[in-house]
Structures are given as structure tokens and as C-alpha cells.
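Each chain is listed here by its residues.
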Amino acid sequence: MLIGGKQLSISPVEQLFTLFNETAVALQEELSCTYLEALAETGENLFHGSVLQEEVSELTEKRLKKQYAEIDLSKFSKEEFRKAYQLVILKGMKENVQPNHQMTPDTVGMLLGYLVQKFMNKTNFRLLDPAVGTGNLLTTVLNQLQGKIDSVGVEIDDLLIKLAYVNANLQEYPIQLFNQDSLEPLFIDPVDAVVADLPIGFYPNDVRAADYKLKADQGHSYSHHLFIEQSVRHTVPGGYLFFVVPNGLFESEQAPQLKEFLRENIIVQGLLQLPTAMFKNKAAAKSILILQKQGENVIAPKQAMLVDLPSLSNAVEMDKILTRIEQWFQENKR
Ligand code: SAM
């Protein structure tokens with residue numbers, strides 16, 4: 001790129017962003033669909049190396065093929081694909097997205113990846129994200145793990161699961177994806193770990209909720225509570241669960257039931273409060289809750305990891321916290 005007569009090099013992420021963006025805009029016009037729908041289409045084209053949409057005019061087809069051919073996909077790393085794809089999705093989500101559909105931010109994904117790696121401390125396991133959305137959180141975590149991770153994602157929204165599928169293909173992850181309500185029966189083998197940025201709010205299906213211990217005595221149940229119970233059901237004894245939860249999780253009127261359920265089935269390993277500045281307001285602030293399913297030889301930590309995270313851009317404070325977390329692992333996990 002030439003700016004002020006100077007040659008500026010374009011980063012790999014920018015290169016991919018431009019390709020995704022320009023081809024999505026072209027498809028959006030031709031297919032009269034939303035930007036995100038067009039993005040899923042162009043991602044699929046890119047993966048297959050052809051233009052799959054029959055409605056596209058000859059001229060656009062030619063242009064798209066030329067743009068796809070100009071880029072050598074093998075040059076890019078998984079993280080470069082993930083970051084570029086995340087940026088185009090964010091652009092599309094600005095148009096219209098419900099708060100509960102938002103992608104999990106990188107900082108949260110990175111932190112979760114670090115925690116999953118430290119707690120699991122092995123390279124071969126099964127991982128489930130029952131609210132996989134665009135797959136951004138799941139692949140952020142996968143990109144920090146080494147070894148053979150067998151992963152499963154479930155998502156109710158047709159478009160988001162399509163974006164997740166394209167995301168998985170571009171990053172070459174054979175993630176098993178299910179497009180369904182995660183609170184309906186899940187036909188999956190038990191997993192060793194769960195990660196999820198939980199959808200927060202009421203679950204409208206009272207009949208289905210009746211199948212859960214955490215159903216509300218009256219009115220609708222909290223879907224984030226039901227998600228926790230469903231995830232525990234599908235985790236092996238001793239397996240770990242990492243959830244992004246609202247800060248007020250243990251303060252709602254349905255919290256006593258949740259606490260009782262956790263006491264009977266779970267060991268709370270940690271609660272890390274994310275910096276409030278990351279969220280629109282205090283009420284929207286979230287924490288990371290780390291649970292372990294009870295089982296033989298599973299022992300509770302001397303003390304749960306309780307952390308109030310500083311602003312993640314404050315390197316000095318963040319360093320101190322990471323040292324404390326490392327110390328906690330030395331004292332509680334071997
Ligand atoms: N981690 C995801 C990502 O990086 O894109 C975002 C998770 S978002 C906070 C919560 C997701 O849960 C949304 O994608 C929403 O569509 C999904 N969801 C809500 N209710 C669901 C249900 N009953 N079954 C499956 N998915 C559901």
C-alpha cells in the first residue's frame with residue numbers, strides 16, 4: 001500500500017480482512033442478504049476454492065474467483081485466520097446483533113485458554129462449548145492448547161453455527177458442530193472439559209426446563225443455570241468446566257438452588273472477576289467460574305482461586321495476578 005509516497009506493508013490479518021470484507025460486500029449485493037450471511041458464504045467459497053452460489057452474475061463470479069485465487073491460504077496461521085475473521089464478524093455484528101449473541105472478546109478467550117491449559121494439564125482430551133456462537137472463543141482456546149483436542153460445539157442460531165463452521169474449516173479444526181438447542185437432549189459422548197460464554201436470561205421453554213433440577217419453582221428458569229446443569233451432565237467425573245457468568249450469579253432469587261446443585265455435584269475451583277471497564281456497565285460485568293465435577297480421587301483445593309482481575313492492559317498489575325495464580329497452582333495442583 002502506498003501512503004504519502006511510502007510503501008507500507010500490509011499485515012497478514014489485514015490482507016485476510018480485506019479479502020473477507022470485499023468479497024462479502026460483493027456477495028451481499030448479489031444475494032440481497034445481510035453482511036454476516038454473505039461473510040459465511042464467502043468463507044465457504046474460499047474453503048472450497050470456488051463460487052458456490054448459483055444466483056451470482058458471471059461478472060461477480062469472475063471477480064470473486066480472481067480474488068480467491070490471488071491469496072495463498074497456506075501462508076496464514078490459525079490465529080491470523082481467527083483474528084481476521086473475528087474483525088469482519090465484529091463489523092457485521094455492528095449492523096444488528098442481540099446482546100446474547102455477542103462474540104466472546106479475545107482477552108476473555110486468551111485467559112480462558114490459559115486456565116484450560118493449566119487445569120487440564122494434558123494434551124489429549126474432549127472439549128465441549130455448548131454455546132459455541134461464531135466459534136471464536138472455542139478456537140481461541142484451541143489455539144493455545146497443544147495435542148489432540150477432540151472438540152464439540154452446539155449452537156441454536158443457524159447463522160452463527162454457519163460462521164462457526166466456516167471458522168473451523170479455515171483454521172482446519174475438525175470440530176463436531178450441532179445446530180440445536182443445547183438444553184434439548186445432546187447426543188454426544190462425555191467430555192473432559194467444557195468452556196462456554198453462557199447466554200444469560202430466561203429460557204422460554206418451561207416444558208424442557210422441567211427436566212432440570214435447576215428449573216425455577218415459578219415462571220421461566222434461568223438459561224445460564226440450566227446450561228451449567230446440562231454441561232455437568234455431559235462431563236466425566238473429575239472433568240473441569242469453565243464458564244463466563246454474570247457477576248451476580250450467586251445473588252439472584254434462584255441462586256439458592258444453584259448453590260445447592262453445586263454443593264452436591266461440583267467443587268468450585270475458582271472465580272475470577274473480569275475488570276468492570278470491559279463491560280458497558282457494572283450490571284453487565286462478568287466473571288470466569290471454574291468448576292470441577294465431583295468424582296473418585298477428586299479433592300477440593302485448600303482455597304478456591306479467588307481473583308479480582310485488574311484492567312488487562314495494566315501490565316504491572318496483571319503480572320502480579322498471574323504470579324499469584326501460578327502460586328495457587330503450585331499449592332493446589334500437582
Ligand atoms: N463464545 C461465543 C463466540 O465466541 O462467538 C459467543 C457466545 S454468546 C455469549 C452465547 C451463545 O449462546 C449465542 O451464540 C446464542 O445464540 C447461544 N444460545 C443461546 N441459547 C441457546 C440454546 N438454548 N442452545 C444453544 N445455544 C444457545
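These lines cover the structure that appears in this document, whether it is placed above or below. Treat the numbers as computed from the prediction; the structure is a model and nothing was measured.

1. Details of the environment of V108
Among the secondary structure elements, V108 is positioned in helix α5 (residues 106-120). Expressed as a C-alpha distance, the spacing of V108 and Q230, which sit 122 residues apart in the sequence, is 22 Å. The residues contacting V108, other than those within four sequence positions of it, are V244, L274 and M278.

2. Some details on the site of the ligand
Surveying the vicinity of the ligand reveals 22 residues, the closest of which are T104, T134, E155, D181 and S182. Contacts to the ligand include D181, whose side-chain N or O atom sits 2.8 Å from a nitrogen atom. In isolation the ligand exposes 600 Å². Once the protein is present, 94% of that is buried.

3. What to know about the packing of aromatic side chains
Scanning the model with the defined rule gives nine aromatic pairs in all. Both rings, one in F119 and one in F242, keep their centres 5.9 Å apart while their planes meet at 65°; by these two values the pair is edge-to-face. Residue F119 is located in helix α5, and its partner F242 is located in strand β9 (residues 235-246); the two are separated by 123 residues in the primary sequence. Here a set of aromatic residues connected by ring pairs shows up, and it is made of F119, Y240, F242, W328 and F329. Here the basic side chain of K118 rests over the ring of F329, its NZ or CZ set 5.2 Å away from the ring centre. It is R233 that lies over the ring of Y212; its NZ or CZ is 4.2 Å from the centre.

Each value, and the rule that gives it
By convention here, each chain's residues receive numbers from 1 onward along its written sequence. Two thresholds apply to this predicted model, a pLDDT of at least 70 for residue-level local features and 80 or more for giving and counting side-chain atom pairs, whereas whole-chain, interface and lining totals are computed over all residues. Side-chain metrics in this entry use all non-hydrogen atoms of the structure; hydrogen atoms and water are not considered. Numbered from the N terminus, helices here are DSSP runs of H or I no shorter than four residues, and strands are runs of E no shorter than two. Any two residues having at least one pair of non-hydrogen atoms within 4.5 Å are treated as being in contact. Put simply, a residue is near a molecule or strand once any heavy atom of it comes within 4 Å of that molecule or strand. Whenever two N or O atoms come within 3.5 Å, that pair is a polar contact, provided that in protein one can donate a hydrogen and the other can accept it, and provided that, for residues adjacent in sequence, both atoms are side-chain atoms. For the accessible areas, the method is Shrake-Rupley and the probe is 1.4 Å, while residue cover comes only from the protein chains on display. Each Phe, Tyr or Trp ring, with Trp reduced to its six-membered ring, pairs with another whose centre is within 6.5 Å; inter-plane angles below 30 degrees give stacked pairs, above 60 give edge-to-face pairs, and intermediate values give tilted ones. Look at NZ for Lys and CZ for Arg. If either is within 6 Å of the ring centre and within 35 degrees of the ring normal, a charge sits over the ring.

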